[in-house]
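# Chains, contacts and geometry: an overview
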Amino acid sequence: MTDYTAIIIGSGYGGAVSALRLGEAGVSTLLLEMGKLWDAPGKDGQVHCNMSSPDGRAMWFKDKTEAPLKSFLGLPVIDKAIDRYPGILDRVNFPNMSVYVGRGVGGGSLVNGGMAVVPREDYFREVFPDVDAAEMFAKYYPLALFRLQASTIPDSLLENSAWYRFARVGRDQAKRAGFKTRIVPSVYDYDYMGKEDRGEARKSAFGAELMYGNNAGKRSLDKTYIADALGTGHVTLKFLQRVDEITVDEAGAFPVYTVKTSEIGDKGPTGVTRKFTCRHLILSAGSVGSSQLLVRARATGKLPLLNGEVGRHWGNNGNVMTARANHLWNTTGAKQSTIPAVGIDDWDHPTHPVFAEIAPLPMGFEHWISLYLALTKTPERGAFEYDAASGESVLKWGPGQSQFSLDGAKIMFDRMNKANLTSYRYDIFGGGRAFAGDFTYHPLGGCALGKATDLYGRLKGYRNLYVNDGALIPGSIGVNPFTTITALAERNIERIIREDFPTP
Ligand code: FDA
């Protein structure tokens, strides 16, 4: 007997999809999450703090916020001192590359921009030559968009609201430079946003809330997939439980997996550890989390049969952030919604395809800045290696490995500046740089589909051991990734439940 039939590590997109479908199939399932369940208000009456006045709730055990933007007009105004606390956003710092991830029940959905973007089918086929792309685009992407409750911004907001002036300015300038633009769906509730616009509801997207959580409007996974998973009555949720170790006993008729957890309290690990057993173990701790756990398990002899592909094919989805300065008469607005709505599509570029999100920069005053998160078709890949001294799996990413992406972003935004007679901002990423390619919001890979796993996420070397999250995507998908992570997770878990779980 095991404690549960299935255990899922991590409650982001892959974990949430797996939990819902296992619960619906009647499988007794434990969903483990190292972060908090964000459901109780703090002293200010709100569950989350906003980006203008961050406190301990903002970041995962940091002494100060670690924002992607470092300064403004040369003043180091962005990072603020905060209490160490199990906050909602983590920045995992590796040499040459830092990775932002969400911590809490809902994973990245709690902190992300909510952009639900479907990649181009031709690029999906290039990334996943062995996956049935026609089936993905006919069945699993529509299913993911439906379950995530994605919708498109109404014209009344995009074309008329003061809070989307930054997007209209960015779109018009892109068109002037000859680029195509496209509206991207979002999981933010646009009916609620309409009320924010009319002054009928408390401002969330219009109240500088996003990276440290939204108090309203955002349909994060805790409100969609995870709520539905718990509603099946077969899924148990335990949060503030960090999985530290995975072991397997293969002596019996079926493998028994044991996961060892550390309880996390307000000040850090409390010293309380627990063990949970299961027959089927799904890693959905995200690209970094799942890769780190598995690389460590292989290196320390706990799961020695994992193959050499585990830890490899990691990429940053080509993320580069850049900022342009506009003319004084071309204001981007003191009012800016935190939810992006428009992307610039130059994926047909012959050498440097780029898809760039026109990103908001809601500082509460006019700054004339246009901010972008560019995603490039970078061929660069990193790998996780186990460091015995620290006991951690560390990402190896060389100092030159972001150059391809920096070049691609420069090609796009040089053209944009030329067409609009504008220039870059050099004062906001630190070090006098106009481009930042040393952090990512989109960690992908580490347990690539078809390499570390079979074509459905079953890890090679072990029975009933799976990865179902962004670690399956080998480094790049060309657009913001959570819709693909969700769609792939739906596809994989459907097959796994059908073939690996006995019918009750
Ligand atoms: P995800 O990271 O969501 O979940 C993993 C979970 O596992 C986390 O909750 C983590 O705490 C938990 N975990 C990790 N290790 C564990 C352990 N040892 N024990 C227990 N639990 C553990 N994407 C997009 O498509 N559109 C967008 O607009 C944006 N915008 C954006 C903005 C920002 C600021 C960020 C940081 C990210 C985005 N993203 C995005 C990216 C998107 O959020 C990301 O790709 C997905 O959340 C990844 O989903 P996964 O299921 O792979 O893991």
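Everything below is about the structure printed above this text.
A few points on the structure. (Residues numbered from 1 in each chain as written. Predicted model: local features only at pLDDT ≥ 70, side-chain atom pairs only at ≥ 80, totals over all residues. Heavy atoms only, no water.)

## What to know about unusual backbone geometry
With a phi close to 60°, Ala208 is a non-glycine residue in the positive phi region. As for its placement among the helices and strands, Ala208 is situated in the loop between helix 6 (190-197) and helix 7 (225-231). What makes Ala208 buried here is its relative accessible area of 11%. Its identity as a non-glycine residue notwithstanding, Leu240 has a phi of 55°, on the positive side. Structurally, Leu240 can be placed in the loop between strand 6 (235-239) and strand 7 (241-249). The exposure class of Leu240 is buried, given its relative accessible area of 17%. (Helix = DSSP H or I, 4+ residues; strand = E, 2+ residues; numbered from the N terminus. Buried < 20%, exposed > 50% of the residue type's maximum accessible area, 1.4 Å probe, protein only.)

## Thoughts on the site of the ligand
Around the ligand, a shell composed of 35 residues is seen, among which Glu33, Gly108, Met115, Gly470 and Phe482 lie nearest. The side chain of Arg103 places a nitrogen or oxygen atom 3.2 Å from an oxygen atom of the ligand. Sorting the residues of the shell around the ligand by element identifies helix 1 (13-24), strand 4 (97-102), strand 7, helix 8 (286-299) and helix 10 (482-500) as the ones contributing at least two each. At three residues, strand 7 tops the list of elements feeding residues into the shell around the ligand. Residue composition of the shell around the ligand, by class: 14 nonpolar, 17 polar and four charged. (Near = heavy atom within 4 Å. Polar contact = N/O pair within 3.5 Å; in protein donor to acceptor, adjacent residues only side chain to side chain. Nonpolar A, V, L, I, M, F, W, Y, C, P; charged D, E, K, R; others polar.)

## What to know about the sheet that holds strand 6
Taken in spatial order, the five strands line up as 6-2-1-10-20 in an open sheet, and their pairing is parallel. A strand with exactly one partner marks an edge of an open sheet, and here the two such strands are strand 6 and strand 20 (465-467). Ignoring which end each strand starts from, the neighbouring axes of this sheet average 15° apart. Bridge analysis of strand 10 (residues 280-283) against strand 20 gives three bridges, and the strand direction is parallel. By the bridge assignment, Leu283 is partnered in strand 20 with Val467. (Pairing = 2+ DSSP bridges. Axes fitted to C-alpha atoms, helices over the stretch in contact; angles between N-to-C directions.)

## Let's talk about the side chain of Lys36
Here Lys36 is to be found in the loop between strand 2 (29-33) and strand 3 (89-94). Buried charged residue Lys36 carries no salt bridge. Nearest counter-charge: Asp266, at 4.8 Å. A polar contact of 2.9 Å, which involves the side chain of Lys36, links it to the side chain of Tyr85. Aside from chain neighbours lying at most four places away, what touches Lys36 is Tyr85, Pro86, Gly104, Val105, Phe239 and Leu240. (Lys, Arg positive; Asp, Glu negative; His and termini not counted. Salt bridge = Lys/Arg side-chain N within 4 Å of Asp/Glu carboxyl O. Contact = heavy atoms within 4.5 Å.)

## Here we look at the sheet that holds strand 19 (residues 439-440)
Sheet strands pair by backbone hydrogen bonding; their relative direction is either parallel or antiparallel. What the three strands build is an open sheet, ordered 3-4-19; its pairing is mixed. Of all strands in the sheet, those bounded by a partner on one side alone are strand 3 and strand 19. As defined by bridge partners, strand 4 adjoins strand 19 across two bridges and the pair is classed as parallel. The residue of strand 19 that forms the bridge with Ser98 is Phe439.

## Details of the environment of Pro269
Counting through the fold element by element, Pro269 comes out in strand 9 (residues 268-278). When the C-alpha positions of Pro269 and Glu309 are compared, they lie 31 Å apart, and in sequence the two are 40 residues distant. Beyond its immediate sequence surroundings of up to four residues, Pro269 is in contact with Arg242, Glu263 and Ile264.

## Focus: the packing of helix 3 (residues 133-148) against helix 10
For the pair helix 3 and helix 10, the least separation of the axes is 8 Å and the interaxial angle reads 115°. As far as their axial angle goes, helix 10 and helix 3 are roughly perpendicular. The handedness of the crossing between helix 3 and helix 10 comes out as right-handed. Between helix 3 and helix 10, the residues in contact are Met136, Lys139, Tyr140, Tyr141, Leu143, Ala144, Leu145, Arg147 and Leu148 and Phe482, Thr483, Thr484, Thr486, Ala487, Leu488, Glu490, Arg491 and Glu494, respectively. For the contact of helix 3 with helix 10, a count of residues per class yields 10 nonpolar, three polar and five charged. (Parallel < 35°, antiparallel > 145°, perpendicular 65-115°, else oblique. Left-handed = near helix turned anticlockwise from the far one by under 90°.)

## Considerations on the pattern of salt bridges
Evaluation of the coordinates by the stated rule reveals 35 salt bridges. Two residues, Arg120 and Asp122, come together in a salt bridge whose shortest N-O distance is 3.0 Å. For Arg498, the salt bridge identified is with Glu494, shortest N-O distance 3.9 Å. In this pair, Arg498 and Glu494 both sit in helix 10, four residues apart, roughly one turn of the helix. On the basis of relative accessible area, Glu494 is assigned to the partly exposed category, the value being 31%. A network of salt bridges, in which partner residues are shared, links Lys62, Glu66, Asp90, Arg91 and Arg103.

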